[in-house]
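Residue-level listing of the chains:
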Amino acid sequence: MTTSLQQGLKRVTIEPVTRVEGHGKVSLLLDENNNVKQARLHIVEFRGFERFVQGRPYWEVPVLVQRLCGICPVSHHLCAAKAMDMIVGADKLTPTGEKMRRLMHYGQTLQSHALHFFHLVSPDLLFGFESPVEKRHVIAVATDPRFADLAVQGVMMRKYGQELIKATAGKKIHGTGAIPGGINKNLTIEERDGFLKDLDQMMTWAESALKLCKDYTSEHLEELADFGSFPSNHLSIVREDGAMDLYNGNLRAIDADGNKIIDGVEPKDYAKVIQEEVRSWSYMKFPFLTKIGPKDGWYRVGPLARVNTCDFIDTPKAEAERKEFMELGGGKPVNVTMAYHWARMIETLHSVEKIKELLHDKDLQGEELTTKGERREEGMGILEAPRGTLFHHYKVNEDDQVVMANLIVSTTNNNEPMNRAVQKVAAQKINGKPEITDPLLNNIEVAIRAYDPCLSCATHAMGRMPLIVELFDSNGDLMERKVKQ
Amino acid sequence: MIDRQGFDKAKGSCIQERSERCLIFGYGNPARGDDGLGPALISQMEKGPELQGVTLDSNYQLTVEDSWSIARHDVVIFVDADTSTDLPFYFKRVEPTSEISFSSHSVKAEVLLGMAESLFGKTVRGYFLGVRGYQFDMFKEDLSPEASANLEKAKDFLYSVLKSDKALKFDGDLRDYATTKPNPKEVKI
């Protein structure tokens, strides 16, 4: 759809963005010469959850938050539990509590990354960004004799991760495993042995998927280097010794050259270093580093950021892969957007290695599941969800009721970078020709998909998938709004 | 080459699953009011009489790994909330497809049937039980009274189908079914 606007500008709206979660809308504002003046990715984000939990007992929150999002409930479950650890004064969990939670988290990361790569990304890499539409689908991958096993591997790895979640969280929907101060079950010997039996297969598949991704990026580096890419800051948590740690650590942010902007910031102090900006045209906020300000303080999160910010990875296979990956940046952080996939596969391998390490740890069969200390009225939890850094912040009153909740989710952290990626790709493709071609659509999708965004609205009933269309003039004023049911 | 049908044959595998004749899969988000109709039906059936040869499962959404579970069964009945009908519920066949665009965590039932075929070589007969819901907009854990009433009707219908074993046979078919007055006798082969 092309609409004429004021001041000789034209707005092109593209929707929905397929093969990313939920529904998004992209609007491109063209100038008089039909070049892209502005690109905006619109994502419907429900904020009602923060009010929903108010008044509820704090110990219910780790279970309740799973209903926030049907896509990454485990990340919210664990992050809320970490915040509630602070409330109950559990500053250091028991070994069994900590390791069971980590097993749950690595299982979640494994299944999420495997799903994204095998089922969403592999058609792009194997058949090309601009391949015919009938090819850009996982079933096309599955039915191509050259790649027939890939889709099955993806399903099996996803299944393995889901079974880990079930064994640690209690069940795959509304899991109750993580509770304030620890965990409510350990891992039985029978459960452990079942996971060990398939572990070598998972390792082999993780390594082959990583190789596929690495080889593809290396072979196509010339065209990928500039695809939706730009210098940026990167943010994640890292362990105290600088190691990658997806479950626990302090905040570190680096600039595009690798200089540290913040480091060693404990979760309880997150609000001192990060703020959220509201923009009139977007449902999602735009987080930024306070120290730099809203204009240039935005940052990327997720696999690319995590591999860039850490000093090393504490598992041997993933560390060897990290070193090779970092050569891409020539001693500086990698800012190639499409390298997200390569980094994601390094994390997949790391997750399998960590799962192996944990399964051989007898602490998983320990009996001491919880701990507690001095009661507090405020708690913050931060972890690295598959898509990036996730923040949960709660305040409770003396009656144990939640009185304040604030969440910053991974996709929100990547809001500005995704908009920039869309702008860059669209500008290159449109380049004076004001039409929405299949290559334009495909390239925009590919750029957004690199971030693995979760655009879920968590309500998906058939016949009720509203698509919201909004038209703004060049001043940012709303001209028209349509809701398509 | 992966043994697609026998990956879980090794004794003790963590992803081993029993093969049953029928899978009933309810999906939706229980914290979004009537969106939770699918899981609510499964929850109620889990508390009901044991059903021979039937697997009950639920989740927020349909996801790609469900194609593996589906391929372990001969028949699958998907249960979800629906706003597109004025009927309390309806029941219809769904056919496998390889639709070109889907969201990984919100796969359509038809696509999962297609994946069961193309990935695991198993043709599964699929049905969809759509139950009318009304309230979806806010975080709310309870079903609306109207949706609860529809759920009871849909559940009665489903039990009647399962007891008659008609949905589990391969030499017949349930025709598309929709009624404002659900009556098991109206289901015909």
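Residues numbered from 1 in each chain as written. Chains lettered and ligands numbered in written order. Predicted model: local features only at pLDDT ≥ 70, side-chain atom pairs only at ≥ 80, totals over all residues. Heavy atoms only, no water.

Caption draft 1: Local environment of the overall build of chain A. Assigned secondary structure in chain A consists of 15 helices and 17 strands. Across chain A, contacts joining residues at least 24 apart in sequence account for 69% of those joining residues at least 6 apart. (Helix = DSSP H or I, 4+ residues; strand = E, 2+ residues; numbered from the N terminus. Contact = heavy atoms within 4.5 Å.)

Caption draft 2: View of the sheet that holds strand β15 (residues 402-408) of chain A. Residue and element names in this part refer to chain A. With antiparallel pairing, the three strands of this open sheet are ordered in space as β13-β14-β15. The strands lining the two open edges of the sheet, one partner per strand, are β13 (378-385) and β15. On average, each strand axis in the sheet is inclined to that of its neighbour by 10°, with strand direction left out of account. In this sheet, β15 lies alongside strand β14 (residues 388-396) in antiparallel orientation, the contact comprising six bridges. The partner of Tyr394 across the bridge, within β15, is Ala405. On the sheet, helix α3 (residues 73-87) packs against β13, β14 and β15 and is oriented at approximately 150° with respect to β13. (Pairing = 2+ DSSP bridges. Axes fitted to C-alpha atoms, helices over the stretch in contact; angles between N-to-C directions.)

Caption draft 3: Quick peek at helix α12 (residues 339-359) of chain A. Spanning 21 residues, α12(A) covers 30 Å between terminal C-alpha atoms, matching the ideal 30 Å at 1.5 Å per step. The element α12(A) is extensively covered by neighbouring structure, given that 19 of its 21 residues are classed as buried. (Expected span 1.5 Å × (residues − 1). Buried < 20%, exposed > 50% of the residue type's maximum accessible area, 1.4 Å probe, protein only.)

Caption draft 4: Looking closely at the pattern of salt bridges. Residues and elements named next belong to chain A. Enumeration according to the criterion identifies 36 salt bridges over all chains in this entry. Notably, a salt bridge pairs Asp363 with Lys99, separated by 2.5 Å at the nearest N-O pair. Of this pair, Asp363 sits in the loop between α12 and β13 while Lys99 sits in helix α4 (residues 95-127), and the two are 264 residues apart along the sequence. In this structure, the salt-bridge partner of Arg306 is Glu384, at a minimum N-O distance of 2.9 Å. (Salt bridge = Lys/Arg side-chain N within 4 Å of Asp/Glu carboxyl O.)

Caption draft 5: Focus on the confidence of the model for chain A. All names here are of chain A. Per-residue pLDDT for chain A averages 85, and the proportion of residues at 70 or more is 86%. This model gives residues 16-22 a pLDDT under 50, and the stretch forms 38 contacts once residues within four places in sequence are excluded. Note that pLDDT drops below 50 for residues 457-473; the model gives that stretch 86 contacts with residues more than four away or on any other chain. (pLDDT = per-residue confidence, 0-100.)

Caption draft 6: A look at the sheet that holds strand β9 (residues 260-265) of chain A. Reading across the sheet, the four strands line up as β9-β8-β7-β12 (chain A) and stay open at both edges, with mixed pairing between neighbours. One side of each edge strand has no neighbouring strand; the edge strands of this open sheet are β9 and β12 (299-300) of chain A.

Caption draft 7: Up close: the packing of aromatic side chains. Counted under the stated rule, the structure contains 14 aromatic pairs over all chains. Their ring planes at 75° and their centres at 5.3 Å tell us that Tyr58(A) and Trp59(A) sit as a pair that is edge-to-face. When its relative accessible area of 10% is taken as the criterion, Tyr58(A) is described as buried. Residue classification places Trp59(A) among the partly exposed residues on the basis of a relative accessible area of 48%. Consider the rings of Phe230(A) and Trp298(A), whose centres lie 5.8 Å apart with planes at 70°: the pair is edge-to-face. With Phe230(A) in the loop between α8 (221-224) and β7 (233-238) and Trp298(A) in the loop between β11 (286-289) and β12, this pair connects stretches of sequence that are 68 residues apart. Side by side, Phe230(A) and Trp298(A) carry an identical accessibility label, which is buried. The rings of Phe89(B), Phe91(B), Tyr127(B) and Phe157(B) are connected pair by pair, giving a single aromatic cluster. (Phe/Tyr/Trp six-rings, centres within 6.5 Å; stacked < 30°, edge-to-face > 60°.)

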